[in-house]
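Descriptive structure summary
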Amino acid sequence: MAALDFVSQDEMLTPLGRLDKYAASENIFNRQMVARSLLDTLKEVSDDERDCIAVLERISRLADDSEPTVRAELMEQVPHIAMFCQENRPSIPYAFSKYLLPIVVRYLADQNNQVRKTSQAALLVLLEQELIERYDVETKVCPVLIDLTAPDSNDDVKTEAVAIMCKMASMVGKDITERLVLPRFCEMCCDCRMFHVRKVCAANFGDICSVVGQQATEEMLLPRFFQLCSDNVWGVRKACAECFMAVSCATSQEVRRTKLSTLFINLISDPSRWVRQAAFQSLGPFISTFANPSSSGQYFKEEDGKNPAGCGSAQENSEQVRTTEDVTREDELNRTEDLSSHVDKDHFATKLENALEDQNTVSNNSQRESDFQTESSFHCTLSSESCGEMADENGRSSHCCTAGLREAGPNSRETALSEQELYNSFHFWRTPLPEIDIDFELQQTSEIILNREFQELAMPVSPNIPMATRKELEEMIENLEPHIDDPDVKAQVEVLSAALRASSLDPQEETMASVSKGTESQTELTISDQQNFKPILGDIVPLIGDTVENMDSTLHYIHNDSDLSTNSSFSPEEERKSKVQDVVPQALLDQYLSMTDPSRAQTVDTEIAKHCAYSLPGVALTLGRQNWHCLKDTYETLASDMQWKVRRTLAFSIHELAVILGDQLTAGDLVPVFNGFLKDLDEVRIGVLKHLHDFLKLLHLDKRREYLYQLQEFLVTDNSRNWRFRAELAEQLILLLDLYSARDIYDYLRPIAFSLCADKVSSVRWISYKLVSEMVKKLYMASTSTFVVDLMNELVEKFCRCRKWSGRQTFVFICQTISEDDCLPMDQFAVHLLPHLLHLASDRVPNVRVLLAKTLKQTLLEKEYFLNSANSHQEAVEQTIMVLQMDDDSDVKYFASIHPASTKIADDAMSTASSTY
C-alpha cells in the first residue's frame, strides 16, 4: 500500500518537481536515473521556455555531483540534449553554449578517468555534428585544451588533451588549427619528459599535416617530424612510420624525394624489428605518393584531347584508357590539329630549336637538355648496339657530353660512349607527355638520347641531395654496426655503404672517366657498322623530314615490348640495371623489391609478403607501365608464394593491375598468373571470380574466348557448402553476357546457367533466374539468331516438364522474371512460354499453383499487352485465373482472387522459395 502511495505521489508531481525530488536523493541510482531522464524531461516541458531554462539550470547543479558515475551518465546524455536544443533553438537560444558546453570542457580535466573519457567522446561528437559555434571553439574549447597541455599539467590529462587536439583539427579547419593548435602541437612533439605525449603526436602527425597544408607542414612540422623519427623510444618511431604516407601527401615532390625518402630509409633500417615492420607496411603507400599522371602511362579521351589520369581513377575510367601502344597514326594526326588548345607550340618549338642549335656551346648544353627533357620525354627502342652505331653515324657524340667534356675540344667529334655503358631498350625509357607531339630528325634524336644517357651515367647522385646526407649515412651505418649479426641489418649496412661510396664520388671525375671509356670504345666501330646503321634504324624510327620545320608534326611514342625478348641473357650488372628507374628514389624501390626475400619474413614480419602484394598495384601505377620490368619478377614471386593469403591478395587486385599495364603487358605477363589462380584454392579463386568480368573485358576477343572452356570449372569447389562461390559465379555470368556472341552464350554459358537454376540453395537460384532472363534478352536482341527460340524450348523441356515439382516451380520463377524485367516482348512471350505456363494450373503440387497464381495476377495482368488488347492469350489467362480461384487449396484461392496492394511478387515468391525447397 505504501508503495502505491509512493507511485501516486510521483504521478502528481510536475516534471520539474520529480526532477528536483530525485536529484536531491541520497541514493546514487536515483541521481543516475535523473541524468538518464533529462532529455525526456526537456521534451515534456519544451513548450514552456522558462521550464526549459529551469531544467538546464538543474543540469548545471547535477554536474557538481560528487559521484563519478552520475557525472559520467550526465555526460553521455549531453550530445542528445545538445541536439534537442539545436532543434528547438528559437525557444531556448544559446542554451547549449551557456549551460552545456562549460560542463563538457570542465570534465576534460576531471579526476575520474571514466568521466574524462565520456567528456572527450562527447566533445568530438558535438564538433562532428557542428553543434559548437566557431566562436565557442576559439574562446572556450581551445584555451582549455592549451592549458591542459601545459608543462605542469597532469601526465594523463596532457596525453589525452593532445589526442583531442589532433582529432578535432580536421573538424575545426585550417585557420583555427594553424593559429591555436599548431604552436602547442609543435611544443608537444618535443616533450622531453613524457614519451607518451610524443607518441600521440607522432600517431596523429599525418592528420595535422593534411589540415594545415603544404607550407605549414614544410616550415613548421617537418623539423619536428625528423626529431620524432629519430626518437630514442621505438614506439614513437613506429608511430612515425605508420603515418608516413599522410605526411608525404602534404609535402612537395622535391621535399618528398630529397628529404622524406632518406628519412624513410632510416626507419626501414631501424634496429627495432617493430619499427622496421611498420616501415615496410608503409613502404608501398609511401612510394605511391610519388605518382605522376604524366609518367603512369595512362591517358583518357576527353573531347578529342588526352589528359593524364589521376591515380585514383584507374578503375573508374578503365574503359576509356588510352595507352601509348594504342596511339595510331590517325589519332596522332587528329591530335595535332587540336594541339594548340593544350600547348603553346611556338614557345616549345623555340625552346627546342635553341636547345638543338646551342649544342656546340658546351657550357649551356647540360641545362638546355634538362629543359628539353622536362617538356618532352620519349621512349627509346634502340638497343645498345643501335645507339652506338647511331652515335658513330652522326659523328656528334661530343655534343652529347656534359661540362666535363670541354677540354676535349672540337676534335672530340669521333668520341662515343661504349656500348656497355648505354642502356638498351630494356633499361632505357622516357615518359611520354601526352599533350606534346613532335617528330624529330633521326640525327637530333640520337644526340638527345646520348646526351641524357651520358648525364645519367655521369651523375648517379641527384644534385638536389644536400651535403648533410653523407654525414647522415655515416651515422646510420655507425648505429647499425652493433647489430651486424642480424642478416637484415647486415643487408642494410651494405646498401648504406654503397650509397655512401656513391655520394663521395666527384661527378667531374666520373664524367671524364666515362668519356675516356667512350673514346676507346669509339675506335672499335668499323665502317661496315656505320653503313649497316641506316637500315637497322629505319625499321624502328620513321624519318619524316630533315628540318626543324617538322617539329609540329606528331611524334611516335615507341615502346615495343617484343624487342625485349630479342636481347640475350643479362649479366648480373645488367640485371641490376634492369631494375633502375627515375620515378621514385631507387633505394626505396630496392627495399620494396626485397620484401619478397625469405629472410625478411624471419627478421621483419611473417606477413611482409602480403603487405608487398597489397600495395603492388599502387607501386605499379606510380612507376608506370614502362617500368613494369622492375616489378615483374617480384610479382611472379608473390604469385607463387607458399602462403595462400598472399596469392589471394594478388587475385583480388589482378584486374586493377591489368588496367594499369594495358592489354599487351597483360596478355604477356598477367594472363599466365591469372590462369594459375583459376586452379588455386577456393580462397584464391574467389578473388579472380569476383572481378572476372573486369579482367576478361581487358583482353582481346580471341584470348577472351579461351576462358569459355574454363567457366564450367567454377561449378566445382573444394567445399560443396560454399554456395556463395556459385552465387558470385551467377553474378559474373550476367556481366559476361556483354562480352560474348550469341553463339558463345548459347553453347557455353547456357549449360552453366541451367545448372545454377537447379542449385540446392535458394539465393543461388534467385540470381540464376535473373541470369537466364538476361540471357533470353541478349539472344533475342541478336537479330539473325534462332538461339532464343531454342533456349525457350529447352526451358520448357528441362523445367516445365520436369518430374520434380521444384523444377516446375523454377519454370514459373523464370517466366515471372522475364515478364517483370521486359526481357522479351509480350507477344513473343505469349507464343513461346505462356501456354506451358498456363498448363501448370493443373499441377498436383499446391506450391506450384500458388506461385502461378501470384505470377498471373500480380505480373502478367499488369502488363499493357493483357490490359488493353483483347486477344486469345488474354482470355486464356483470365480463364486460368478463374480455375485457380476455385482451387481446393486456400492459399491458391487467396492469391488468385485478391490482389494485395502492399504485396510484391518478389517478396512473396522469395518466401515461398525459401520455405518450399
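Structure shown above.
A brief structural summary. These figures come from a predicted structure and were not determined experimentally.

**What about the overall build of the chain?**
A tally of regular secondary structure across the chain gives 48 helices and three strands. Out of the 917 residues in the chain, the part that is buried amounts to 52%. Considering only contacts within the chain whose residues lie at least 6 apart along the sequence, 74% involve residues at least 24 apart. Taken as a whole, the chain presents about 42,400 Å² of accessible surface, with 50% of it coming from carbon and sulfur.

**Details of the packing of aromatic side chains**
If you walk through the whole model with that rule in mind, you get 18 aromatic pairs. Between Phe225 and Phe244, the ring centres sit 5.5 Å apart and the planes meet at 55°, which makes this aromatic pair tilted. Placement of the pair is Phe225 in helix 14 (residues 214-229) and Phe244 in helix 16 (residues 244-249), with a sequence separation of 19 residues. The exposure classification of Phe225 matches that of Phe244, with both residues buried. Plain terms: the ring middles of Tyr746 and Phe787 are 5.2 Å apart, the flat faces sit at 25° to each other, and that makes the pair stacked. Pair noted here: Tyr746 is in helix 38 (residues 742-757) and Phe787 is in helix 40 (residues 787-800), with a separation of 41 residues, a long-range link. Since its relative accessible area comes to 15%, Tyr746 is described here as buried. A residue is classified by how much of its surface remains accessible, and Phe787, at 14% relative accessible area, is buried. Put simply, the rings of Phe185, Phe205, Phe225, Phe244, Phe264, Phe286 and Phe290 pair up and form one aromatic cluster. Lying over the aromatic face of Tyr746, Arg750 brings its terminal NZ or CZ to 4.3 Å of the ring centre.

**Regarding the pattern of salt bridges**
Side chains carrying opposite charge are able to pair once their charged atoms draw close together. Under the counting rule described, the total for this entry stands at 32 salt bridges. One salt bridge in this structure joins Asp175 and Arg134, with 3.2 Å as the shortest N-O distance. With Asp175 in helix 11 (residues 174-189) and Arg134 in helix 9 (residues 134-148), this pair connects stretches of sequence that are 41 residues apart. Look at Arg134 and you get partly exposed, because its relative accessible area is 43%. Taken together, the shared-partner salt bridges connect Arg134, Glu138, Asp175 and Arg179 into one network.

**Topic: the state of the cysteines**
Taken as a whole and assessed by the stated rule, the structure comprises zero disulfides. Left unpaired, Cys166 is separated from the closest cysteine sulfur, that of Cys201, by 5.6 Å. Free cysteine: Cys802, not disulfide-bonded; nearest cysteine sulfur from Cys800 at 9.9 Å.

What counts and what doesn't
Residues numbered from 1 in each chain as written. Predicted model: local features only at pLDDT ≥ 70, side-chain atom pairs only at ≥ 80, totals over all residues. Heavy atoms only, no water. Helix = DSSP H or I, 4+ residues; strand = E, 2+ residues; numbered from the N terminus. Buried < 20%, exposed > 50% of the residue type's maximum accessible area, 1.4 Å probe, protein only. Contact = heavy atoms within 4.5 Å. Areas by Shrake-Rupley, 256 points an atom, 1.4 Å probe, with all protein chains shown as cover. Phe/Tyr/Trp six-rings, centres within 6.5 Å; stacked < 30°, edge-to-face > 60°. Lys NZ or Arg CZ within 6 Å of the ring centre and 35° of its normal. Salt bridge = Lys/Arg side-chain N within 4 Å of Asp/Glu carboxyl O. Disulfide = S-S within 2.5 Å.

Note that every value here comes from positions in space, so none of it alone points to a role or purpose.
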